Amino acid sequence: MRGTPEESKDLACLLISFQILTPAYATLLFYFSFHYPIESAWNAALFSLETRTYVRYNGKKKNLRGAPMPVDSDNFEQFCRRFYSDEACSRALFPLRWPRGFRCPLCDCTQFSLIRTRRLPLYQCSACRRQTSIISGTIMEGSRTPLPLWFQAMYLLSQPDGISALRLSDVLMVTYKTAWHIAHKIRFALQSSEESESLNGHFRLNSFYYGNPLYPDARQPLLIGATLDEQECPTRIVLRQPDPEHVDADHRRVRASGYHAFVQEHADPLADPVSGQFGKLHPAVFPITKSVTSWLNFTFNGIGAKHLQAYLHEFSFRLNKQLQELSSLDAILRQCAVTRALQYDELTRTKPVLVVPWVYFGSRARWKGFHLRRWGA
């Protein structure tokens with residue numbers, strides 16, 4: 001029995017609502033289910049869910065996408081009630097900021113007196129009289145945003161699918177610019193955590209692409225390194241956007257120098273890399289590449305080359321904590337408490353990226369027209 005248009009539409013909408021498929025994939029599924037039996041469409045959906053969402057780890061399947069968004073409102077409400085004020089957040093920040101007790105950043109003295117005359121507490125050193133804020137040396141330093149909003153943003157970014165700046169601005173009731181800056185400051189902290197650890201032992205190195213395959217000259221080549229255990233299951237991954245100097249701009253292909261640079265920068269000197277420069281993706285790596293590209297498209301509607309690496313850090317941070325069976329929220333809170341603040345001009349400054357292909361055509365419309373003529377449209 002072939003599916004009716006109503007059944008096909010309901011199926012596509014259901015899959016989007018549960019985040020099994022992106023809208024683009026659901027559109028193809030709509031066409032598929034209208035021309036073929038509805039059971040085949042369900043099988044196609046299940047196949048897509050299986051290949052794009054899961055990875056096998058230690059003989060068990062682990063969900064890379066996690067629970068469907070929105071996040072569990074009860075847990076989020078409990079978190080908001082727990083950290084409802086600047087005072088409550090300051091009490092939680094103190095042991096994260098100074099795990100072994102207060103240390104003066106100037107003289108390393110451990111004795112202090114507490115000053116409560118300002119919105120946030122100040123810790124005055126008993127020896128040199130230097131006053132230190134609870135948020136100094138953290139990603140929140142210099143920010144006028146209340147601490148509860150910072151904590152809520154960390155909670156939302158710790159969820160399996162993260163959150164876009166547009167949606168974060170709605171939840172926190174702040175401007176889009178403020179939400180975007182907060183999210184990138186948190187991602188900067190995650191970047192510091194990811195860059196502090198290297199791949200070791202036996203690991204696999206492959207390249208893959210982010211972007212629409214219908215426009216091959218606009219895709220972004222990426223590298224993924226995955227440490228594998230004895231069962232060929234990933235225990236840690238590293239996602240990197242190669243430097244434009246290591247990419248063949250005409251064919252969007254990573255050169256051999258890009259693989260060497262990745263190994264030197266992100267692998268232990270005693271590690272045993274296996275490169276798949278001219279081969280297929282490793283079976284344990286392929287689902288991860290599909291998951292990260294789907295996550296970028298579904299959650300953010302696509303990311304440009306300038307800030308792409310920050311989002312790759314966010315994805316790999318959460319996945320690595322999941323593979324290690326650790327709490328992403330606890331790790332984010334601790335990392336944000338010991339990472340310096342990312343300044344806005346540092347975030348928005350020019351970065352080396354691949355030149356967009358429509359520059360050579362004079363306009364984006366001419367570039368699209370060129371591809372349309374190639375397709376015979």
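See the structure above.
Residues numbered from 1 in each chain as written. Predicted model: local features only at pLDDT ≥ 70, side-chain atom pairs only at ≥ 80, totals over all residues. Heavy atoms only, no water.

Points about the overall build of the protein chain
On a plain count of helices and strands, the protein chain comes out with 14 helices and eleven strands. The burial tally for the protein chain puts 48% of its 377 residues in the buried class. In the protein chain, of all internal contacts separated by at least 6 residues, the share reaching a separation of at least 24 is 66%. As displayed, the protein chain offers around 19800 Å² of accessible surface, 54% of which is attributable to carbon and sulfur atoms. (Helix = DSSP H or I, 4+ residues; strand = E, 2+ residues; numbered from the N terminus. Buried < 20%, exposed > 50% of the residue type's maximum accessible area, 1.4 Å probe, protein only. Contact = heavy atoms within 4.5 Å. Areas by Shrake-Rupley, 256 points an atom, 1.4 Å probe, with all protein chains shown as cover.)

Structural notes on the nonpolar core
Membership of the largest hydrophobic core comes to 43 residues, with the highest contact counts inside it found for Leu93, Ile139, Met140, Met154, Leu168 and Ile186. Contributing elements (two or more residues each) for this core: helix 4 (73-82), helix 5 (86-97), strand 4 (122-125), helix 6 (147-157), helix 7 (165-172), helix 8 (176-195) and helix 12 (328-336). Here this core takes nine residues from helix 6, the largest share from any one element. Not counting residues within four places of it along the chain, the set of residues in contact with isoleucine 186 comprises Ile139, Ala153, Met154, Leu157, Ile332 and Cys336. In terms of nonpolar packing, the next biggest core, distinct from the first, is built from 27 residues, Tyr210, Val292, Trp295 and Leu296 among them. (Core = buried A, V, L, I, M, F, W, Y, C linked by side-chain atoms within 4.5 Å.)

Structural notes on the sheet that holds strand 4
Strand order in this open sheet of three strands is 3-4-5, and the pairing throughout is antiparallel. Both edges of this open sheet fall to strand 3 (112-115) and strand 5 (131-133), since each of them pairs with a single strand only. For this sheet the average axis-to-axis angle between neighbouring strands, irrespective of direction, equals 30 degrees. Pairing between strand 4 and strand 5: three bridges, direction antiparallel. When the bridges of strand 5 are listed, leucine 122 appears paired with serine 133. (Pairing = 2+ DSSP bridges. Axes fitted to C-alpha atoms, helices over the stretch in contact; angles between N-to-C directions.)

Describing the packing of aromatic side chains
The way to describe two aromatic rings as a pair is by their centre distance and the angle between their planes. Evaluated as defined, the whole model comprises 20 aromatic pairs. Their ring planes at 55 degrees and their centres at 5.0 Å tell us that phenylalanine 102 and phenylalanine 112 sit as a pair that is tilted. Of this pair, phenylalanine 102 sits in the loop between helix 5 and strand 3 while phenylalanine 112 sits in strand 3, placing them ten residues apart in sequence. Site record: aromatic cluster; members linked through ring pairs are Phe76, Phe79, Phe83, Phe151 and Tyr155. The positively charged end of arginine 364 is found above the aromatic ring belonging to tryptophan 358, 4.3 Å away from the centroid. (Phe/Tyr/Trp six-rings, centres within 6.5 Å; stacked < 30°, edge-to-face > 60°. Lys NZ or Arg CZ within 6 Å of the ring centre and 35° of its normal.)

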